[in-house]
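So you can see what is in the structure, the chains are spelled out below.
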Amino acid sequence: MKSILKSREASHKLIIVCAFILIFGFFSVMNPSYASYSNIMTILLATCVNGILALGVSFPVITGGIDISVGTVMTFSCVMSGTAFTVWGWNIWIAILFGFFVGALCGAINGFAITKMYLPPFIATMAMQMITKGLSLVVSGIKPVYFSECSFYQKIATGEFLGIPGFYNAIIILIVVAVICYILFSHTLLGRYTLAIGSNQEATRLSGINVDKWKIIIYALSGLLAGVAGLVMSSRLNSAQPSLGTGYETEAIAAAVIGGNSLSGGEGSIVGTIIGALIISSLTNGLRIMAVPTELQSAIVGLVLALAVFLDQAKKMKAGR
Amino acid sequence: MKKKILAAILMAAMVLSAVGCGGGASEEAAAPEAGNAETAETGDTASNDNYIAMVSLGFGHQFWQAVKQGAEEAAAEAGYRITFEGPETETMVDKQVDMLKTALQNNPKAVCMAAIDTESVATILQEAKAEGIPVVGFDAGVGEEESDSKCSTDNLAAGAMAAEHAAELLGEKGKVAVIGHSQTTIDAVQRVDGFIEKIGEYPDIEIVDVQYGEGDQLKSAEIAKSMMTANPDIDLIYTSNEGACVGAYNGLKEGNLIGEVLLIGFDSSAALKQAIRDGEIAGAITQDPIGMGRKTIEIAIKLINGEEVESYYDTGCRWYDATNMDDEDIAPLLYD
């Protein structure tokens, strides 16, 4: 059984890696500047916010749940850290940590609502989406919160790592977050229980595992990563934009799904999520470089999403037979 | 155990209240702002005598907050109360229709409207007009048949003004790209159309790319960078609103492209003003949102009092850059 699962996972990974290479190759042929160093860095930078959100959302997805609050929790946490810095006069680093804390807290409340109040994950996180959307506007007074008083804030994401030209810090943040998520998922109890809850929640509970506790931790992790994405986004824009955020969850979930994380739970891969996010950003970037009309771009990304899931399903049907 | 139950009840109350008012998240956000201390208590029907409803295209954007400010000032001076609401993204047509319907149920003396989609509100506005409620269109989207008067920026002229300044900056020669913010709202489309049309009069200026970023700063930043990758010889980028402009600015900054390409924009914000002051954005067109809000309410009150009004008021626009942004006639049109 395990080997079948493993091989299926491996074959999906193969498919999406091929898809990624295909997309990359296609655009490189169409426009040689697509494969230039600076554009590759641009694509990686564009992957950061969505990639970190997608990593976060992967965990609830693998448990068979969902977290549609990540986009607005991201906004809310950077609005809060911006407020702590500009209005309350906190030290910038403490303000940033406070932003992460706010994200994790929102996630933990999601987990609490799901496990202790029996709300379906979709409803609980939808409520959180609305709550954080509203609170971001209320706290900020519907104005962007600027970090201009901190001279290096914009450098946190857009500065050059170790002075390597064009290599943005944000890419390192993404890599670090991805490695941590990989370790958490593949080498810790958290990962094992995430999979176990997704495969069979009752069996997991009956084997003596405190499912509620772990679920709260899993949703808190998703919120925490939304907070980290908030840091990257607000640093790139040098401001927390309170009306941003809606719609970002869709793209994050799409990346997780393209990456082979099954929405019915019990299956998933951190590497897959990252490749999924890369596929979306390299596709979007390529379509923009080719000056494909904006309205068509979204349709094409949707098509790729459907295709990726279809290929996975087709494989499963075959294996099932 | 008791503590847990209490916690659960508190949580439930919090979540339920959020879900309950989910349909009108922006109204929720609007309430504390729109209903100032003095007007908040006058919510009952009996004192609805001097009430004007404004339904706007958007809400969170600085521009709309400035319109609201102007409208509130004018209303307060005349002893009127207003409500100001709009959907959180400028594409939620259905939500806006609901807002308009709800506003009309409160029996306003007049209704002021900036519509996302002209057709979807046409019938409702005509009915309101038939009932004798004056309709004033502001900013965009309300057709002539549905309104008694209209106050807006002439966006075609504004786009053309941007094009003239672009041509001047370029010495009437070069490659230009456009980052728009919407393909569905009339004002946004006109800003791009007016620009492209005017640029067409300069034979040596070529438009190489037009893309749309929904006014989302992050998206607009990515677009600006991919445009420069595809066409490294672009001389100038024109952006059609604040989000597109500041987004493109951040994108160019990330790519170390500031100075290699000129950037011009639209509207105003703290970040946009600072970049213009530093010479990193060449200049922008500003409308007069405070004046627009003010004019709209003044016209509405005139109509309520049965006075004659013109069918259209151009509330104007101006070009500003580092040299004139502190001038007496420009500074008041800029907002944070």
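What counts, and at which threshold
Residues numbered from 1 in each chain as written. Chains lettered and ligands numbered in written order. Predicted model: local features only at pLDDT ≥ 70, side-chain atom pairs only at ≥ 80, totals over all residues. Helix = DSSP H or I, 4+ residues; strand = E, 2+ residues; numbered from the N terminus. Buried ≥ 20, exposed ≤ 12 C-beta atoms within 10 Å, placed from the backbone. Contact = placed C-beta atoms within 7 Å. Nonpolar A, V, L, I, M, F, W, Y, C, P; charged D, E, K, R; others polar. Expected span 1.5 Å × (residues − 1). Core = buried A, V, L, I, M, F, W, Y, C linked by C-beta atoms within 7 Å. Domains from an automatic or database assignment. pLDDT = per-residue confidence, 0-100. Arc of directions from axis to C-beta. Pairing = 2+ DSSP bridges. Axes fitted to C-alpha atoms, helices over the stretch in contact; angles between N-to-C directions. Parallel < 35°, antiparallel > 145°, perpendicular 65-115°, else oblique. Left-handed = near helix turned anticlockwise from the far one by under 90°.

> What exactly am I supposed to notice about the overall build of chain A here?
If you tally the helices and strands in chain A, you get 13 helices and 2 strands. Dimensions of chain A, computed from the C-alpha atoms along their principal axes, are close to 60 × 55 × 35 Å. Expressed as a percentage of the 321 residues in chain A, the buried residues total 55%.

> Just checking my understanding: could you explain the overall build of chain B for this structure?
Each helix and strand counted, chain B has 12 helices and 12 strands in total. Relative to its full complement of 336 residues, chain B shows a buried share of 53%. Sequence-distant contacts in chain B: of pairs separated by 6 or more residues, those separated by 24 or more amount to 74%.

> Sorry, what's going on with the interface of chain A and chain B here?
How big an interface is tends to be expressed through the accessible area that disappears when the partners come together. Counting from both sides, the interface comprises 40 residues of chain A and, opposite them, 37 residues of chain B. For the side of chain A that touches chain B, the elements supplying multiple residues, two or more each, are α2 (37-62), α4 (92-115), α5 (121-140), α10 (211-237), α12 (270-289) and α13 (294-320) of chain A. When its residues are assigned to classes, the side of chain A that touches chain B shows 20 nonpolar, 14 polar and 6 charged.

> Would you take a moment to explain α10 of chain A for this structure?
Side chains that are three or four residues apart share a direction in an α-helix, a result of its 3.6 residues per turn. All names here are of chain A. Here α10 contains 27 residues, and its C-alpha end-to-end distance of 39 Å stays within 8% of the 39 Å for a straight helix at 1.5 Å per residue. Of all 27 residues making up α10, 24 are buried, and the element is well covered by its neighbours. Backbone geometry just downstream of α10 places Asn238 in the positive-phi region, at approximately 55 degrees.

> Teacher, can you tell me more about the nonpolar core here?
Across soluble globular proteins, nonpolar side chains show a tendency to be buried alongside one another. With 149 residues, the main nonpolar core has Ile52, Leu53 and Val232 of chain A as its most contacted residues. For this core, the element with the highest residue contribution is α10 of chain A, accounting for 16 residues. In this view, Val232 of chain A contacts Cys48, Val49, Ile52, Ala157, Ala170 and Ile173 of chain A; residues no more than four positions away in its chain are not counted. Residues Ile52, Ala114, Ile116 and Val121 of chain B belong to the second largest nonpolar core, which totals 43 residues.

> Please explain the domain arrangement of chain B as it appears in this structure.
Residue and element names in this part refer to chain B. We note that the domain assignment places domain 1 (2-153 + 290-305) and domain 2 (155-287 + 321-333) within chain B. In this assembly, 11 residues from domain 1 lie in contact with 11 residues from domain 2. Among the residues making up the side of domain 1 that touches domain 2, the classes are represented as 5 nonpolar, 4 polar and 2 charged.

> Any chance you could explain the confidence of the model for chain A here in plain terms?
For chain A, per-residue confidence averages 91 on the pLDDT scale, and 96% of positions sit at 70 or higher. Mean pLDDT in chain A bottoms out at helix α1 (residues 2-30) of chain A, which sits at 79, and peaks at α4 of chain A, which reaches 97.

> Could you clarify how one ought to interpret helix α7 (residues 169-187) of chain A in this entry?
Residue and element names in this part refer to chain A. Given a rise of 1.5 Å per residue, 19 residues ought to cover 27 Å, and the 27 Å separating the end C-alpha atoms of α7 matches this to within 8%. Looking only at α7, the buried set comprises Ala170, Ile173, Leu174, Val177, Cys181 and Phe185. On an axial view of α7, the arc spanned by its buried residues comes to 95 degrees, and they lie on one face. What points out from α7, more than 90 degrees from its buried face, is the exposed set Val176, Val179, Ser186 and His187. Residues of α7 that are buried sit in contact with α2, α6 (153-158), α8 (189-199), α10 and α12.

> So what exactly am I meant to see when it comes to the sheet that holds strand β10 (residues 283-287) of chain B here?
To summarise the sheet geometry, strands pair through backbone hydrogen bonds and adopt either a parallel or an antiparallel arrangement. Residue and element names in this part refer to chain B. Read from one edge of the open sheet, 6 strands run β7-β6-β8-β9-β10-β12, paired in mixed fashion. At either margin of the open sheet sits one strand with a lone partner, and together these are β7 (205-212) and β12 (317-320). For this sheet, the mean angle separating the axes of adjacent strands, direction not counted, is 15 degrees. Where strand β6 (residues 174-180) meets strand β8 (residues 236-239), 4 bridges bridge the pair, whose relative direction is parallel. Bridge pairing links Ala177 to Ile237 in β8. Against the sheet, helix α10 (residues 242-254) touches β6, β8, β9 (262-266) and β10, its axis set at about 155 degrees to β9.

> What should I look at first to understand the packing of α2 of chain A against helix α9 (residues 217-230) of chain B in this one?
For any two helices packed against each other, the geometry comes down to the angle between their axes and how far apart the axes lie. Where α2 of chain A contacts α9 of chain B, the axes come no closer than 11 Å and their chain directions differ by 170 degrees. In terms of their interaxial angle, α2 of chain A and α9 of chain B are classed as roughly antiparallel. Mapping the contact onto sequence places Asn39, Thr42, Ala46 and Val49 of chain A in α2 of chain A and Leu218, Glu222, Lys225 and Thr229 of chain B in α9 of chain B. For the contact of α2 of chain A with α9 of chain B, the per-class residue count stands at 3 nonpolar, 3 polar and 2 charged.

> Help me understand the environment of Leu287 of chain A, please; the structure alone is not making it clear to me.
Residues and elements named next belong to chain A. Secondary-structure assignment places Leu287 in helix α12. When the C-alpha atoms of Leu287 and Ile300 are compared, they prove to be 9.0 Å apart, with 13 residues separating the residues in sequence. When sequence neighbours within four positions are dropped, the list of residues in contact with Leu287 reads Val292, Gln297 and Ile300.

> Could you clarify how one ought to interpret unusual backbone geometry in this entry?
The phi angle of most residues is negative, glycine excepted, and most peptide bonds adopt the trans form. Positive phi values are uncommon outside glycine, yet Leu162 of chain A reaches one of about 50 degrees. Relative to the helices and strands, Leu162 of chain A is located in the loop between α6 and α7.

> How do you make sense of the packing of α9 of chain B against α10 of chain B when you look at a structure like this?
Residues and elements named next belong to chain B. At a closest axis distance of 7 Å, the pairing of α9 and α10 adopts a crossing angle of 50 degrees. With respect to their mutual orientation, α9 and α10 come out oblique. Where α9 crosses over α10, the handedness of that crossing is right-handed. Only Gly243, Ala244, Val246, Gly247, Ala248, Asn250, Gly251, Leu252 and Glu254 of α10 make contact with α9, whose side of the interface consists of Gln217, Leu218, Lys219, Ser220, Ala221, Glu222, Ala224 and Lys225.

> Which parts of the structure should I look at to understand the sheet that holds strand β2 (residues 81-85) of chain B?
Residue and element names in this part refer to chain B. Strand order in the open sheet made by the 6 strands is β2-β1-β3-β4-β5-β11, with parallel pairing throughout. In this open sheet, the two strands that pair with only one neighbour each are β2 and β11 (313-314). The pairing of strand β1 (residues 51-55) with β2 spans 5 bridges and is parallel. Paired with Met54 across the two strands is Phe84, which belongs to β2.

> Help me out: how do you make sense of the confidence of the model for chain B in this one?
A low pLDDT score tells you not to read the predicted coordinates there in detail. Residue and element names in this part refer to chain B. With 86% of its residues at a pLDDT of 70 or more, chain B shows a mean pLDDT of 83. Between the elements of chain B, mean pLDDT differs from a low of 33, seen in helix α3 (residues 37-40), to a high of 97, seen in β8. Low confidence marks residues 15-47, where pLDDT is under 50. Its contacts with residues over four positions away, or in another chain, come to 31 contacts. ipTM for the predicted complex: 0.82, alongside a pTM of 0.79.

> Would you mind showing me how to read the environment of Cys317 of chain B here?
Residue and element names in this part refer to chain B. Within the element layout of this structure, Cys317 appears in strand β12. With 22 C-beta atoms counted inside 10 Å, the residue Cys317 sits in the buried group. Among all residues touching Cys317, those that are not within four sequence positions of it are Thr153, Ala158, Met161, Ile285, Thr286 and Gln287.

> What am I meant to see in the environment of Ser36 of chain A here?
Residues and elements named next belong to chain A. When you line up the elements, Ser36 lands in the loop between α1 and α2. Among the residues examined, Ser36 registers 15 C-beta atoms within 10 Å and is labelled partly exposed. Between the alpha carbons of Ser36 and Ile216 there is a distance of 43 Å; along the sequence they are 180 residues apart.

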